[in-house]
Amino acid sequence: MANIERSLTYRCSDDCEMSGCPGHTGILFHQSTSDAYSFSLNGRILHFERGELQALVDLLRSLDRIDAVQVKP
Ligand SMILES: [Zn+2]
């Protein structure tokens, strides 16, 4: 059983403030016992179970376009 947390700094692709995006901290929480994934992004919390998150990652990877989100293999 593990509670794993990862964070990074990201910038919105559209300016979230008139002065431009100041940058935000995105946090991923993974609870291994329940295989649950949560993301904290600029005040929003998103929850996924494994199948949902795998589908999201696979669909993003299928875009395979340089002008879209990049998902490394
Ligand atoms: Zn922003």
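What counts, and at which threshold
- Residues numbered from 1 in each chain as written.
- Predicted model: local features only at pLDDT ≥ 70, side-chain atom pairs only at ≥ 80, totals over all residues.
- Heavy atoms only, no water.
- Donors = N, O, S within 2.8 Å, 3.2 Å for Na, K, Ca; no water.
- Tetrahedral: all angles 85-135°; square planar, octahedral: opposite > 155°, others 65-115°.
- Buried < 20%, exposed > 50% of the residue type's maximum accessible area, 1.4 Å probe, protein only.
- Helix = DSSP H or I, 4+ residues; strand = E, 2+ residues; numbered from the N terminus.
- Expected span 1.5 Å × (residues − 1).

(A) Spatial organisation of the coordination of the zinc ion. Looking at the zinc ion, one finds its protein donor set to be C12 (SG), C16 (SG), C21 (SG) and H24 (NE2), positioned 2.0 to 2.3 Å from the metal centre. For the zinc ion, the 4 donor atoms in the first shell make angles of 101 to 118 degrees at the metal, a pattern classed as tetrahedral. If you list the donors of the zinc ion from N- to C-terminus, the spacing comes out as C-x3-C-x4-C-x2-H. Owing to a relative accessible area of 11%, H24 belongs among the buried residues under this scheme.

(B) Focus on helix α1 (residues 50-63). Look at α1: 20 Å from first C-alpha to last across 14 residues, which is about the 20 Å you get at 1.5 Å a residue. Phi for D64, located one or two positions after α1, is positive at around 45 degrees.

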